[in-house]
Structures are given as structure tokens and as C-alpha cells.
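What the coordinates show
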There are 2 protein chains.
Amino acid sequence: MAAPKTRNNRQTPCEQCPLRALPHFREFKPDELDFVSNFKTGELAVDAGTTILVEGSHSAHLFTVLSGWGFRYKMLDDGRRQILNYMMPGDLIGLQGSLMGEMQHSVEALSPVTLCVFERDKLGTLYRNYPDLAYDLTWIAAQEERILDENLLSIGRRSALERAAYLLAFLYQRAKASNLFKGARVSIPITQQHVADTLGLSIVHTNKTLKKLGERKLIRWADRGCDILDDEGLMKISGWEGYHDKNRPFI
Amino acid sequence: MAAPKTRNNRQTPCEQCPLRALPHFREFKPDELDFVSNFKTGELAVDAGTTILVEGSHSAHLFTVLSGWGFRYKMLDDGRRQILNYMMPGDLIGLQGSLMGEMQHSVEALSPVTLCVFERDKLGTLYRNYPDLAYDLTWIAAQEERILDENLLSIGRRSALERAAYLLAFLYQRAKASNLFKGARVSIPITQQHVADTLGLSIVHTNKTLKKLGERKLIRWADRGCDILDDEGLMKISGWEGYHDKNRPFI
DNA sequence: CGGTATGTTGAACACTATCAATCGGGGTGG
DNA sequence: CCACCCCGATTGATAGTGTTCAACATACCG
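The name given to chain A in an unreviewed UniProt entry is CRP-like cAMP-binding protein, with the source organism recorded as Rhizobium herbae.

Following this line, the structure appears as C-alpha cells:
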């Protein structure tokens, strides 16, 4: 019998959470760690391509990405798709849905993804008894807002080449902070279609734009993914200065 | 001696807040009202065109719009501007800056605006003692995120005509909920340059696109503003379904 | 009355989309 | 093992959307 694609049994205790070990993330106080450990009801592992949350649905769960890559998107009736943001280890998924009922966007895995599962019912306890964690949740929502602001500026006002450079520099910086490259040179696991749907461009024009970045030795398009060769060069083209977060909160 | 442009004296007690009277907004519990009343340290009135918050600055204050229209934007070094969202009565301004230190966007008034002023130092007390208000703050941040998601979809994937229709329907619906039209037919106080900077289009093409909407009797461009003649027609063109919020929280 | 801000219009041009065809790698079934 | 198919990437040609430039109209303001 084949191994199941998804498992629900708990595997990584919060006390040994690998994310807390990274300098990018902040430490918990002991009582907070206890609560979070209890808040977490399980773990979910999904394959690349799996839809984790669907627009229009009501989910009883919240997730934090423990490993892997994903993305958030919305679609129009005729199939046009807009990718809103990418999810990496430490990112919270489904807060919007938990607070406002219905999901207004979908979430899909780009690679095999492991998720910590939380019950949205326990959010009330969190707000009542753990004000610092409540503050962190607001912080996380505000941080997402900040990223969306930047994306909006990019799509609205940057040229195709600038947009592409911004996106790849952005993904590179975030992935590095989340330790997704683990020392080794790992590609960003996206297709050119994902890039196109993020930047608001057609797939053909995206291809030609990425080729220009390749000719300038800033990136190399690998098999089903992108290698960043010169992130500072990308940031220079895009005019983006990057983030400077340290000790980021997460749940 | 001329009247000062801005006043700092308190004028509208929270107990008589005109926003709470609107069906769109939720009611406070008595102790919450007490706290908010104390949280509010003053009121600020500014003229149209005033910059309320500047990108890169550190503000000690948070604001809620009590009356008037404003907008949030970011700029690139060479002057390209992207409007991110519009502010109307009940909207909170500066939460991002309060949580993360530096403002990453600017805020400007479109009309005379009155603001309730809050001290960001008291946010800690709010989180420690008023979990429901803390929850509301997260809700407000998530709501902003939802709007940005929708804007991103619009700019990234809708045509110029669809984008313009979406924007005007969106502004109309929000303004109506915030009672900005007060029964009388009041124009949305924006210039075509604002529309262009919101939609990611040039001013010339924006003008031609708005003209098309005018020819279809969906809007009428007035002096320095826009009248909505057929909001359902606009929603139909854009493919946007609108929001369905009732009893929205605000601070 | 000149100056500024906003809105309008036409023409030429550039960027991006669409269409169509091809290529290469990986997986599958014969 | 090989033919076949599918997906993602690539490329050229053509069409179309949106930009830029430039000129002009209108209203408001000191």
C-alpha cells in the first residue's frame, strides 16, 4: 500500500520548531510557547500543486507554513488569474478567512508543503489571554498589507523588466530569510506562467522579459524554476530597497 | 487674524460619534467606549490637499477618519505614483506605521478631513485589556488586505475599461456605506489624475476610458469630481460583486 | 489679465497581447 | 526500447492596447 499523500498526525513539536532557530524569527516566551503548542492541533503535508484553500469556502482552520513554497491568488470568471503573494515558512495562511468568514482567495502549493494546523475557534482564547500574540497577529496582517502595497506599486507603475526584477529579488530575499535555500543553491520553484500571473503580463512577454534578465546574467531559468545569480543587480533595476525585518513574529 | 488651518482641540465626544449611528458600523460595549474615549487624545482638521502622513516618517499617532475623503499612496524615485486605497469615515490610518515603525506610504486629504487622533503608546493597553478591540484591529488590517487583493486583481488582470468601472463602483459603494453622500448627490472628489494613478494608466488613456463610461451613461464627470449614475452598470462591466459587510468594526 | 490646474483631443509611437508553430524533457503504454 | 503525448519554454509575426507628445479649451485665482 502506498504512503498516503496527506498525514494528520503531529510530527514537529513547537518546542523544537525549526523556524524559531532562525535569526529571522523571534523567540517565544514560555507561556506563549505552551499556548501555541496547544493551539496547534496537527500537521498537514501536501504535494506540489495541491489547492490548500479555495476562494468562497469557509475553513475551520488556520495554517502556518512549516516547510515549502505556496502562493495566494484570485481568479476572474473567465479564468484570468492574479497571484497576490507567495507563502514561505513562517507565513500564516487563512487569517482573512478566519476573521471574515469566507475565503476571498485561494492558496496552492508550489512544492511539497508542510503546514501547522490551528483551530480558528481558539483565536478567542488567544486574544483574551495572550495580548502579545494578538499583537503579533495584527503585525502579521499589517506586514501582508505592506507587501501588497509594494506589489501594487510594482504592477501599477513599473515597466515589465522592472516588475520582473522586483518580483525575483523579493522572492529571493524572503526565501533566504526563511532558510529555503539551506546553503545549497536551490531554485525558486515557479513556472513562467506563475511569473506572468503575478506581474499582470502575458506568458509570451514574460518569457521575453525573463530572457533579458538572463542575458544580463542576473538570473538563470532552470528546469521548472529560477536561479538568482545577482540579487543586487535585480534590486538596482527594480529600484526596490528590500525589507529590513529582524526577529519577525510568527505563530 | 485668520482662522488656523488645523485645530487640535477636542470637538466630537466618542459618546456622540456620528459614525456609530450608521448601520454600517457596529456598536461598542460601554467599557470599550470608555477606553476609546480616553484613547482619543484630540481631533485634527485639515484642508484638501494636505499630506497627513509621509512615507519614511515615524508617527506617534494613529488616526480614524471622522469626515472627508483621503487616499494612501507610494511613489517611485522618478515621481511615478501609485494610489493604493482611499480613506473614508471610519477608516483607520497609520496602523502599519504604528506597528512597524516607519511609514511605508503617504496619506493625503482629497477634501477637508477631520481626524480622531490616538496615541500609539496606548496600543499596549488596548491589547492587554480590550481583547475585542484588539481583535477588531486585526480585522481592520485583514479588511485592508482584502481590498488590496481586489485592487491587485483589478490592475493586474482587468482591461482599462473594467478597471475604471471597478474603481468607481468600489468608491461609490464604500462612500455610500460611510454616508458620504448624505442623501444629496455629492460627487466623488477626485481628479482624473487620481484615477490614472490608481489604475496604473496614463492620464490621457484614463480620460478616454472615462469618456466611454460617460457615453454609456454610467458616470458623469463633474467639475473636479465624478458622479455615479449607474453603479450596477459599473459592477456589471467590471465583473465585481461588491462587499457585503454589516456592522463593521472601527475604533 | 496672466498664470495655474484640470480636462480634451489627435497623431505617432511603443509596449504588450495574441496567434501560431516549434522544441525538449519526462512520463506512459505498447 | 521506442513511439507518443503533455507540459513548459521559446520564438516570430501580427494585432491591439495604452503611452507619449503636443496643442488647445476651460475654469478658477490672485
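**Re the protein's contact with DNA strand C**
Around DNA strand C, the surrounding shell holds 14 residues, and the nearest of these are Ser 202 of chain A together with Gln 192, Asn 207, Lys 211 and Trp 221 of chain B. Here, DNA strand C places atoms within 4 Å of the protein, and 71% of those atoms are sugar or phosphate. Contacts to DNA strand C include Ser 202 of chain A, whose backbone N or O atom sits 2.9 Å from a phosphate oxygen. A distance of 2.9 Å separates a phosphate oxygen of DNA strand C from a polar side-chain atom of Lys 211 of chain B. For the surface near DNA strand C, the elements supplying multiple residues, two or more each, are α7 (203–215) of chain A together with α7 (203–215) of chain B.

**Overview of the relation of the copies chain B and chain A**
When chain B is fitted to chain A, the residual RMSD is 0.0 Å, and the transformation amounts to a turn of 180° plus an axial shift of 0.0 Å. Viewed as a symmetry operation, the transformation between the two copies matches a two-fold axis. For chain B, the smallest separation between a C-alpha atom and the rotation axis is recorded for Thr 138 of chain B, amounting to 2.3 Å.

**What about the protein's contact with DNA strand D?**
By nearness alone, 14 residues border DNA strand D, and Gln 192, Asn 207, Lys 211 and Trp 221 of chain A together with Ser 202 of chain B come closest of all. The sugar and phosphate moieties of DNA strand D supply 70% of its atoms located within 4 Å of the protein. Separating a phosphate oxygen of DNA strand D from a side-chain N or O atom of Lys 211 of chain A is a distance of 2.9 Å. Take Ser 202 of chain B: an N or O atom from its side chain is 2.8 Å from a phosphate oxygen of DNA strand D. Those elements that provide at least two residues to the surface near DNA strand D are α7 of chain A together with α7 of chain B. When residues in the surface near DNA strand D are grouped by element, the largest group, four residues, is from α7 of chain A. Its residues assigned to classes, the surface near DNA strand D comprises five nonpolar, six polar and three charged.

**Description of the domain arrangement of chain A**
All names here are of chain A. One can read the domain layout of chain A as domain 1 (14–142) and domain 2 (150–238). Distance from the C-alpha centre of domain 1 to the C-alpha centre of domain 2: 24 Å. With 18 residues of domain 1 in contact, the opposing surface of domain 2 contributes 20 residues. Contact with domain 2 buries area across many residues of domain 1, yet Trp 69, Tyr 86 and Met 88 alone supply 38% of it, more than any other trio. Joining domain 1 to domain 2, the criterion identifies two salt bridges. For Arg 81, the salt bridge goes to Asp 197, with nearest N and O atoms at 2.7 Å. Across the contact surface, domain 1 and domain 2 share eight residue pairs in polar contact (both at pLDDT 80 or more). Broken down by element, the side of domain 1 that touches domain 2 gets its largest block of residues, seven residues, from strand β5 (residues 81–87). Residue classes in the side of domain 1 that touches domain 2 are distributed as 11 nonpolar, five polar and two charged.

What counts as what
- Residues numbered from 1 in each chain as written.
- Chains lettered and ligands numbered in written order.
- Predicted model: local features only at pLDDT ≥ 70, side-chain atom pairs only at ≥ 80, totals over all residues.
- Heavy atoms only, no water.
- Near = heavy atom within 4 Å.
- Polar contact = N/O pair within 3.5 Å; in protein donor to acceptor, adjacent residues only side chain to side chain.
- Helix = DSSP H or I, 4+ residues; strand = E, 2+ residues; numbered from the N terminus.
- Least-squares fit on C-alpha atoms with pLDDT ≥ 70 in both.
- Nonpolar A, V, L, I, M, F, W, Y, C, P; charged D, E, K, R; others polar.
- Domains from an automatic or database assignment.
- Contact = heavy atoms within 4.5 Å.
- Buried area = accessible area lost by both parts, 1.4 Å probe.
- Salt bridge = Lys/Arg side-chain N within 4 Å of Asp/Glu carboxyl O.

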